[in-house]
Amino acid sequence: MRIYLYGCSGHAKVIFDILRCCNREVAAFFDDAPPENSSHLHDVPIFNTSQLSNIDPLQSRWIVAIGNNSDRKNIVQNLASKGYTFTTAVHPSAQIAKEVKIGAGTVVMANTVINIDSVIGQHAIINTGAIIDHDCQISDYVHIAPSCSLCGNVCIKEGSLLGVGTKIIPSVEVGRWTICGAGSVVVKSMPSHCVAYGVPATPRK
Ligand SMILES: CC(=O)SCCNC(=O)CCNC(=O)[C@H](O)C(C)(C)COP(=O)(O)OP(=O)(O)OC[C@H]1O[C@@H](n2cnc3c(N)ncnc32)[C@H](O)[C@@H]1OP(=O)(O)O
């Protein structure tokens, strides 16, 4: 089964490196607008997504390596409608309790910790050094940015972004498609579709 990454940005490079650390070869990057001055990234070919039909869904597994949560969702839905399916990438240094469930398409970066009975949805990003303690619920298309710390029983709903270094006390919920800005300290639940930040974090938009 060949592995393909959709996207060829810095985020895609990190995922490529995780797979390389796991001895899993990336067959190619695909991008809507590949760089004009180079056909390869770290010796892996970059193809335009107009060439997608050359790839057999039965012989391929994909990761959508796009950092923006709503763009990632749109691309996942487009690929899924063509019959493509998804794999995960988990860095070997991640400390993940054996009961933790991780959905298809999700990536888990280096030095993360995910504790017992947490559930991570599909196409989520658990970025470098993030800590997700016990019994957390992380929904589809969420991005937990580097160095975030979530206490136990935290729930992050679909599509939300926790900016770099966000900290969240136990049993708090962040609604759907909300952004908690860099360095936020979340001490009470946040509604859906807002931008919150600060210490303590408050909804601003
Ligand atoms: C590997 C990786 O790179 S993963 C990348 C992960 N991404 C992140 O962590 C980015 C998180 N994004 C942020 O924190 C952003 O600042 C956001 C989304 C909260 C706000 O972005 P914008 O809407 O563009 O806000 P903007 O930059 O215009 O700032 C508006 C005001 O809010 C303030 N502000 C913005 N973000 C924050 C923050 N996190 N904490 C405190 N104040 C903030 C700004 O200083 C500014 O204040 P001013 O009006 O007094 O000058």
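Given the structure is predicted, the values throughout are model-derived calculations rather than measurements.

What counts, and where the lines are drawn
Residues numbered from 1 in each chain as written. Predicted model: local features only at pLDDT ≥ 70, side-chain atom pairs only at ≥ 80, totals over all residues. Heavy atoms only, no water. Near = heavy atom within 4 Å. Polar contact = N/O pair within 3.5 Å; in protein donor to acceptor, adjacent residues only side chain to side chain. Areas by Shrake-Rupley, 256 points an atom, 1.4 Å probe, with all protein chains shown as cover. Nonpolar A, V, L, I, M, F, W, Y, C, P; charged D, E, K, R; others polar. Buried < 20%, exposed > 50% of the residue type's maximum accessible area, 1.4 Å probe, protein only. Helix = DSSP H or I, 4+ residues; strand = E, 2+ residues; numbered from the N terminus. Pairing = 2+ DSSP bridges. Right-handed = clockwise from strand over helix to strand, strands pointing away. Contact = heavy atoms within 4.5 Å.

(A) Representation of the site of the ligand within the structure. Neighbouring the ligand are the residues Asn-127, His-143, Ala-145, Pro-146, Gly-163, Val-164, Ile-179, Gly-181, Ala-182, Val-195, Tyr-197 and Lys-205. Tyr-197 places a side-chain nitrogen or oxygen 2.7 Å from an oxygen atom of the ligand. Contact with the protein chains covers 38% of the free accessible surface of the ligand, which is 980 Å². Among the residues making up the shell around the ligand, the classes are represented as seven nonpolar, four polar and one charged.

(B) Summary view of the pairing of strand 1 (residues 2–6). Counting buried residues along strand 1, four of its five residues qualify, which places the element largely inside the surrounding structure. Sheet analysis places strand 1 next to strand 5 (residues 60–64), joined by five bridges and oriented parallel. Bridging across to strand 5, Ile-3 finds its partner in Arg-61. Pairing between strand 1 and strand 2 (residues 26–31): four bridges, direction parallel. Residue Tyr-4 lies in a different strand from strand 2, and its bridge partner there is Ala-28. A crossover connection joins strand 1 to the parallel strand 2 through helix 1 (residues 10–21); in handedness this β-α-β unit is right-handed.

(C) Highlighting the side chain of Thr-178. Position of Thr-178 among the secondary structure elements: in the loop between strand 20 (173–174) and strand 21 (179–180). The class for Thr-178 is buried, based on a relative accessible area of 0%. Side-chain polar atoms of Thr-178 contact the backbone nitrogen of His-193, separated by 3.0 Å. Not counting chain neighbours up to four residues away, the residues in contact with Thr-178 comprise Ser-160, Leu-161, Met-190, Pro-191, Ser-192, His-193 and Cys-194.

(D) Broad picture of the sheet that holds strand 17 (residues 155–156). Pairing within the open sheet is parallel, and its five strands lie in the order 8-11-14-17-20. At either margin of the open sheet sits one strand with a lone partner, and together these are strand 8 (101–102) and strand 20. Pairing between strand 14 (residues 137–138) and strand 17: two bridges, direction parallel. Bridge assignment links Ile-138 to a residue of strand 17, and that residue is Ile-156.

(E) Structural detail: the side chain of Asn-69. Residue placement: Asn-69 occurs in helix 2 (residues 69–81). Accessibility expressed as a relative area gives 7% for Asn-69, which makes it buried. Separated by 3.3 Å, the side chain of Asn-69 and the backbone oxygen of Tyr-141 make a polar contact. Excluding its chain neighbours within four sequence positions, the residues that come into contact with Asn-69 are Tyr-141, Val-142, His-143, Gly-159, Ser-160, Leu-161 and Trp-177.

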